[in-house]
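# Understanding the architecture of this molecule
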Amino acid sequence: MEFRKIVDIKRVNFIVDALKANLPEGAEVLDVGCGNGVISRYLGEKGFVVRGVDVSPKAIEKARSLNTFPNVRFEVVSAEQLVADGQRYHAVVCSEVLEHLNDPGKLLKVLHQILHDDGVLVVTVPNGKGPRESLVTKPVQRMQKKNSWLWRSVNKFKQGLGYKGTTVQSDADDLTHIQFFTRPSLEKLASDNTFRIVRFGKTNFIEDVFPFSLFTKKIKVLQKWDCALAEVLPYQWTGGFVTVWEKTKTR
């Protein structure tokens, strides 16, 4: 397991459980926007056959360099190429991807086209009005856009704490969040693109929000408590959503 944070482990275990419940034996999983391939390799370790694709050559290069599983492959592939190659899938993973896209519906239309009628799409996204997006991501991105002295000071402070501007999941050059989903808006996005969400779960609460993150980063039990707390709080308070989608009949 390359993930170290409890919330990341919780997220990937949700994906594994969803695939085990829905994937026919021997079927290949498509991991869209796979980044550095952490999820793909974990699925490979669990015995799944996985094709990880991303538009970032930098991320795919790292994914390939870390891959030791013969049942996992990585490619630089665009959404248009996925349609062109004609392959269809019983399961597609789209984890922490849609929030980075100007037009997530465009990708979802592609995924609808390449997914078998009885297939499943596993989607995870941050809660756009959750603690981290509201208190960290949005303010930091506003400062970054202005490139003010405050942003430069914050950036130096973050670097001093060891932050590199990348994540375990991706070394892509631009990890800006463009979409900020709520539960209703994510359900509408699914419906608008001929999907329905059949399983909706939560991730964590405030363990990755500064200054709590200074403590939870080093004390794993606080991370566990935080993830457990998220399960009993309202959906609007969770840090992220983990979901399973199914196709609906084409209009």
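Residues numbered from 1 in each chain as written. Predicted model: local features only at pLDDT ≥ 70, side-chain atom pairs only at ≥ 80, totals over all residues. Heavy atoms only, no water.

## Digging into helix α2 (residues 38-45)
- Among the eight residues in α2, seven count as buried, and that is most of the element.
- Buried within α2 are the following residues: Val-38, Ile-39, Ser-40, Arg-41, Tyr-42, Leu-43 and Gly-44.
- In this structure, the buried residues of α2 make contact with α1 (6-22), β1 (28-32), β2 (49-54), α3 (57-66), β3 (72-76) and β4 (89-95).
- Backbone geometry just after α2 places Gly-47 at a positive phi near 100 degrees. (Buried < 20%, exposed > 50% of the residue type's maximum accessible area, 1.4 Å probe, protein only. Helix = DSSP H or I, 4+ residues; strand = E, 2+ residues; numbered from the N terminus. Contact = heavy atoms within 4.5 Å.)

## What to know about the side chain of Asp-8
- Summarising the element assignment, Asp-8 is placed in helix α1.
- Exposure remark for Asp-8: the relative accessible area of 14% places this residue in the buried category.
- Of the polar contacts made by the side chain of Asp-8, one reaches the side chain of Arg-11; its length is 2.7 Å. (Polar contact = N/O pair within 3.5 Å; in protein donor to acceptor, adjacent residues only side chain to side chain.)

## A look at the packing of α1 against helix α10 (residues 220-232)
- Interaxial distance between α1 and α10 falls to 9 Å at its minimum, and their mutual angle equals 50 degrees. The orientation of α1 with respect to α10, classified from their angle, is oblique. Judged by residue contacts, Ile-6, Val-7 and Lys-10 of α1 engage Lys-220, Gln-223, Lys-224, Cys-227 and Glu-231 from α10.
- The residue makeup of the contact of α1 with α10, split by class, is three nonpolar, one polar and four charged. (Axes fitted to C-alpha atoms, helices over the stretch in contact; angles between N-to-C directions. Parallel < 35°, antiparallel > 145°, perpendicular 65-115°, else oblique. Nonpolar A, V, L, I, M, F, W, Y, C, P; charged D, E, K, R; others polar.)

## Quick notes on the packing of aromatic side chains
- Taken as a whole and judged by the stated rule, the model has four aromatic pairs.
- Seen in terms of ring centroids, Phe-205 and Trp-237 are 6.5 Å apart; in terms of plane orientation they differ by 20 degrees. Their pairing is stacked. Residue Phe-205 is located in the loop between β6 (195-202) and α9 (212-216), and its partner Trp-237 is located in the loop between α10 and β7 (240-247); the two are separated by 32 residues in the primary sequence.
- The class for Trp-237 is partly exposed, based on a relative accessible area of 43%.
- Here the aromatic cluster, defined as three or more aromatic residues joined through ring pairs, consists of Phe-200, Tyr-235 and Phe-241.
- One residue, Lys-138, lies across the ring of Phe-180, its end atom 4.8 Å from the ring centre.
- Arg-183 extends its terminal NZ or CZ atom over the ring of Tyr-235, reaching a point 4.1 Å from the ring centre. (Phe/Tyr/Trp six-rings, centres within 6.5 Å; stacked < 30°, edge-to-face > 60°. Lys NZ or Arg CZ within 6 Å of the ring centre and 35° of its normal.)

## Describing the pattern of salt bridges
- This model, assessed by the stated rule, comprises 14 salt bridges.
- In this structure, Asp-117 and Arg-88 form a salt bridge, with 3.9 Å as the shortest nitrogen-oxygen distance. Of this pair, Asp-117 sits in strand β5 (residues 115-126) while Arg-88 sits in the loop between α4 (79-84) and β4, and the two are 29 residues apart along the sequence.
- Take Asp-117: its relative accessible area is 61%, and that puts it in the exposed class.
- Here Arg-183 and Glu-187 are joined by a salt bridge, their closest N and O atoms 3.4 Å apart. One end of the pair is Arg-183 and the other is Glu-187, both in helix α8 (residues 183-192) and four residues apart, which spans about a single turn.
- Overall, Glu-187 belongs to the partly exposed group, its relative accessible area being 35%. (Salt bridge = Lys/Arg side-chain N within 4 Å of Asp/Glu carboxyl O.)

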